[in-house]
Amino acid sequence: EIIILILLSYCTLYLCSLRNSSELTSHCYHFPGKDFGKPNNVKQTYGSSPYVLIKTGDTAIDFTLNTVEGKSVTLSELLKKTPVIMIWGHYTCPAWQGYKSDTMFLQSSHDEEYKLVELVKNKITVLHMIGPEPHPIWPYANFDSGSLKMNFWSTIQQPQTYEERIAISV
């Protein structure tokens, strides 16, 4: 739920290489075919949430993802032009919505992301990564723990298709 920034520097074939995309998991806990719940969640799979697969100093894994406009972007291609910042935030995340109820959420909202993008535009590529909603409305479970957590910021259902995900992302 916390927005995580990862700064990757310029990359050319001569300076560095990325790990192969085959190291990535190609599914998200088999969702939506298998809904999040017990035991299908981050904590049950890895023992803790959040669970960081890549540690500081590790070589990044190359990936290709679709933008909300339907274009494909590949990390290795982006790094040939500029450094890349990857930001992770969700519509139903209280920090992302700007509810600053805890000091760890300070400066983590979409407002701060917009300020960051304005500050670094034309110098750094900013990718906003979108995944499952952490606090969807009932009957959908939280992907971190597999539990149902209803909060006042739980206002939407867990998108079941790529098109539904895109619709709430723009």
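Residues numbered from 1 in each chain as written. Predicted model: local features only at pLDDT ≥ 70, side-chain atom pairs only at ≥ 80, totals over all residues. Heavy atoms only, no water.

What follows concerns the pattern of salt bridges. In this structure the tally under the stated criterion is four salt bridges. Between Lys121 and Glu118 there is a salt bridge, and its shortest N-O distance comes to 3.0 Å. On the accessibility criterion, Glu118 (51% relative accessible area) is exposed. Here Glu133 ties to Arg165 by a salt bridge, and the two come within 2.8 Å at their closest N and O atoms. (Salt bridge = Lys/Arg side-chain N within 4 Å of Asp/Glu carboxyl O. Buried < 20%, exposed > 50% of the residue type's maximum accessible area, 1.4 Å probe, protein only.)

On any regular strand, side chains alternate: one points to one face of the sheet, the next to the other face. With four of its five residues buried, strand S4 (residues 84-88) lies for the most part within the structure. Note that S4 and strand S5 (residues 125-129) share five bridges and pair parallel. For Ile85, the partnering residue across the bridge sits in S5 and is Val126. (Helix = DSSP H or I, 4+ residues; strand = E, 2+ residues; numbered from the N terminus. Pairing = 2+ DSSP bridges.)

Once that is clear, we can look at the confidence of the model for the chain. Of all residues in the chain, 81% have pLDDT values of 70 or greater, and the mean over the chain is 76. At the level of individual helices and strands, the chain shows its lowest average pLDDT in strand S1 (residues 6-8), which scores 44, and its highest in strand S3 (residues 72-74), which scores 92. Between residues 1-15, whose pLDDT stays under 50, and residues either more than four places distant or in other chains, the model counts 46 contacts. (pLDDT = per-residue confidence, 0-100. Contact = heavy atoms within 4.5 Å.)

A few words on a nonpolar patch on the surface. A cluster of nonpolar side chains, namely Tyr46, Tyr51, Leu53 and Ile54, defines an oily patch on the protein surface of about 360 Å² accessible area. Note that Ile54 resides in the loop between helix H1 (42-46) and strand S2 (64-66). Overall, Ile54 belongs to the partly exposed group, its relative accessible area being 31%. (Patch = residues over 30% accessible without salt bridge, like charges linked within 9 Å, V, L, I, M, F, W, Y side chains within 5 Å. Areas by Shrake-Rupley, 256 points an atom, 1.4 Å probe, with all protein chains shown as cover.)

For the rest of this paragraph, the subject is the environment of Ser147. Turning to its location among the elements, Ser147 is positioned in the loop between S5 and helix H5 (162-169). If we skip the residues at most four places from it in the chain, Ser147 touches Lys38, Ala141 and Asn142. Within the structure, the side chain of Ser147 is placed 2.7 Å from the side chain of Ser145, a separation counted as a polar contact. (Polar contact = N/O pair within 3.5 Å; in protein donor to acceptor, adjacent residues only side chain to side chain.)

What follows concerns the side chain of Gln158. Relative to the helices and strands, Gln158 is located in the loop between S5 and H5. Judged by relative accessible area, Gln158 falls into the buried class, the value being 0%. Separated by 2.8 Å, the side chain of Gln158 and the backbone nitrogen of Glu133 make a polar contact. Excluding anything up to four places from it in sequence, Gln158 contacts Phe31, Phe36, Pro132, Glu133, Pro136, Tyr140, Ala141, Glu164 and Arg165.

With 10 residues, the main nonpolar core is built from Ala60, Phe63, Val73, Leu75, Leu78, Leu79, Val84, Met86, Leu127 and Met129. Listed by contribution, the elements that provide at least two residues to this core are helix H2 (75-79), S4 and S5. The greatest single-element share of this core, amounting to three residues, is contributed by H2. Counting residues in each nonpolar core, the second largest holds five residues, with Phe36, Val42, Ala141 and Phe143 among its members. (Core = buried A, V, L, I, M, F, W, Y, C linked by side-chain atoms within 4.5 Å.)

Next up on the list: unusual backbone geometry. Look at the link from Lys38 to Pro39: it is a cis peptide, with omega at 5 degrees. With respect to the helices and strands, the residue Pro39 is situated in the loop between S1 and H1. Residue Pro139 is bonded to the preceding Trp138 through a cis peptide linkage, with omega at 15 degrees. Positionally, Pro139 belongs in the loop between S5 and H5. For Asn122, which is not a glycine, the phi torsion comes out positive at approximately 75 degrees. The topology assignment puts Asn122 in the loop between helix H4 (110-120) and S5.

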